[in-house]
Amino acid sequence: MKTLFSTLSLATCLFALAACGTNDGEVAGIEGTGDKADVVVARGTVTGFGSIYVNGVHFNTDTAVVTIDEVAAAEDELSVGMVVDVVGELSASGREGVAHEINAERIVQGAVESVEDLATGRKLVHILGQRVFINEDASFDGIQFDDLMPGVHAQVSGFVAANGMITATHIERGDDAGRMMVDGYITAIDQNTVSFALNDLVVNAAQAVFVTGQLSQLQVGMRVKVQGRLNAATGHFDAERVLLRVPREHGSHVGALEGVLRWRDDAQWWLGDTQLDLASAEIENSSAADLQAGAQVIALGRMTDGILVAEKLIVKSLNTNRFKAPVATIDAQARTFTVLNTLIAVTDFTQFKDESLIHDRYFNFENLRVGEDVEVFAVRLGDQWQATKVVRRDYDGQRPEILRGRAVLTDGSRTFYIDDTAIDGGELGDEIWQQLRSQEHPLVVDVEGFSTGDNQFLATAIRIHALPDCDPQVFFRCDGDSDADMDDEDEDDREGPPPVTGPPDMAR
């Protein structure tokens, strides 16, 4: 089989990224040789359906075997935001594929123990001794961001870092009587009691069935998945099933892997359990000198001898502004739309979800319509807004619109700005203005009201977020975090030079 990429490097247009647009506004794909499709292994969040979209590739699922947590499932049981592994074939265009296997797995499933507000639209949730970081633009089913509180049972899909920190991409309300589960890295082992620790959770494995691997193979740093129940008397987790997570071998293949960067003491970047070669990688939304352990990224390249030789690395920015209003205009060719006088671009990684009464599973940019109400989470990259998630909502024309962003105050005036939009705060009370002017940190606010013209917005209510925004790259870090907050973070994940450019300042 000839390589599909002999005439054009992956770094140019792998999986037809938005950056690879042509002059006529269309998105260019990989120029293949026309030979048989190549094997592809993709790990990432589901961004849409029809059949399924993962990491910018549209996979046909007609003949795919689908499992969720190792149990046979139907394709329609998958949800936007779930992390899936797809094994299949990639066409010469680089935009279409055929999925042979799709496996979705949750990271943790159990009762919420505590909740901490970290920053605007970001929470730290403890479940079964694990720290789960949840952003407001994650996908929710049967539960909402504001519903997260102690005692609520949740099923979380996402990515786990080597230090055990979890970034959630999909949260579903769990069954109170259901089986519990944790996926993570062993932090300690007690041979005498046949138990091991996953961060703050002690797992009793004496009676467990090892579905893959065996008890004697357990080591600190090994990734395992345990299923069982919490013992109310001991506070420990009685494991019923244990799976040792060993990466599957697929030989040489195209790889499209999403996850959390980690730095190993052997001077290499890793993405989950996959070693990365970034020597020739084009880095999007960041630079090699600014890469940090904990950054959520998508690496695109070819797997050779167990190493993903990346030709493109996309850093997923996490600081999102929020817009909730009717769609004003749509440019199908440019793949942009406007809400609240803001032009927002759609990328291959934008998630689409319909939470209106229609509940269209196949909602995407192509069937977005002018005038319908949407909630948009978007990041500012240079001079362009890019949507991370678009949610269709029901709208009766009466509810207020919502705009979130950094508030820039003007001296002595009751007008402030969010980016280029002037917010008329004349209807806000004196107490609100005292709060606005007394804050020492940069303000992030949710403003309710109505657009009154080009870049003009009348505020009727406001919610002030006093905490600063989180770092735009690292999912678990906020500017206000103290070093003590990250005491148990692995040394390997704290600092280290990216390849090629030498050591950056990786201080937390």
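A. Seen up close, the packing of aromatic side chains. With the rule as written, the count across this model stands at 5 aromatic pairs. Both rings, one in Phe 140 and one in Phe 145, keep their centres 6.2 Å apart while their planes meet at 80°; by these two values the pair is edge-to-face. Here Phe 140 falls in the buried class, since its relative accessible area comes to 6%. Take Phe 145: its relative accessible area is 9%, and that puts it in the buried class. A ring pair is formed by Phe 352 and Phe 363, whose centres lie 5.7 Å apart and whose planes are at 80°; its orientation type is edge-to-face. A residue pair is termed long-range when its members are at least 10 positions apart, and Phe 352 in strand S30 (residues 351-354) and Phe 363 in the loop between S30 and strand S31 (373-381) qualify at 11 residues. Against the face of Tyr 185 rests Arg 262, its NZ or CZ located 5.8 Å from the ring centre. Cation over ring: Arg 361 sits above Phe 49, and NZ or CZ is 3.6 Å from the ring centre.

B. Quick look at the confidence of the model for the protein chain. Mean pLDDT over the protein chain works out to 82, with 81% of the residues at or above the 70 mark. Element-level mean pLDDT values for the protein chain span from 32 in helix H1 (residues 10-13) up to 97 in strand S27 (residues 329-331). Confidence over residues 1-35 falls short of pLDDT 50; this stretch has 87 contacts with residues more than four positions distant or in other chains. In this model residues 479-508 is a low-confidence stretch, pLDDT under 50, and it forms 62 contacts with partners more than four residues away in sequence or in other chains.

C. Highlighting the pattern of salt bridges. In this structure the tally under the stated criterion is 30 salt bridges. Between Lys 123 and Asp 117 there is a salt bridge, and its shortest N-O distance comes to 2.8 Å. Its relative accessible area of 51% is what places Asp 117 among the exposed residues. Across the pair Lys 312 and Glu 284 runs a salt bridge, and its minimum N-O distance is 3.5 Å. One end of the pair, Lys 312, is in strand S25 (residues 307-315); the other, Glu 284, is in strand S23 (residues 282-284), and 28 residues separate them in sequence. The class of Lys 312 is buried, set by a relative accessible area of 1%. It is possible to trace a salt-bridge network through shared partners that takes in Asp 69, Glu 70, Glu 105, Arg 106, Glu 172, Asp 183, Arg 223, Lys 225 and Arg 245.

D. Structural view of the side chain of Glu 372. Mapped onto the fold, Glu 372 is located in the loop between S30 and S31. With a relative accessible area of 17%, Glu 372 lands in the buried category. In terms of polar contacts, Glu 372 uses its side chain to reach the backbone amide nitrogen of Arg 369, at 2.8 Å. With sequence-adjacent residues up to four places away left out, Glu 372 is seen in contact with Ala 325, Pro 326, Val 327, Phe 363, Asn 367 and Arg 392.

E. Quick peek at the environment of Ile 314. Here Ile 314 shows up in strand S25. A residue is classified by how much of its surface remains accessible, and Ile 314, at 3% relative accessible area, is buried. The spatial distance from the C-alpha of Ile 314 to the C-alpha of Ser 286 is 8.0 Å, given a sequence separation of 28 residues.

What counts, and at which threshold
- Residues numbered from 1 in each chain as written.
- Predicted model: local features only at pLDDT ≥ 70, side-chain atom pairs only at ≥ 80, totals over all residues.
- Heavy atoms only, no water.
- Phe/Tyr/Trp six-rings, centres within 6.5 Å; stacked < 30°, edge-to-face > 60°.
- Buried < 20%, exposed > 50% of the residue type's maximum accessible area, 1.4 Å probe, protein only.
- Helix = DSSP H or I, 4+ residues; strand = E, 2+ residues; numbered from the N terminus.
- Lys NZ or Arg CZ within 6 Å of the ring centre and 35° of its normal.
- pLDDT = per-residue confidence, 0-100.
- Contact = heavy atoms within 4.5 Å.
- Salt bridge = Lys/Arg side-chain N within 4 Å of Asp/Glu carboxyl O.
- Polar contact = N/O pair within 3.5 Å; in protein donor to acceptor, adjacent residues only side chain to side chain.

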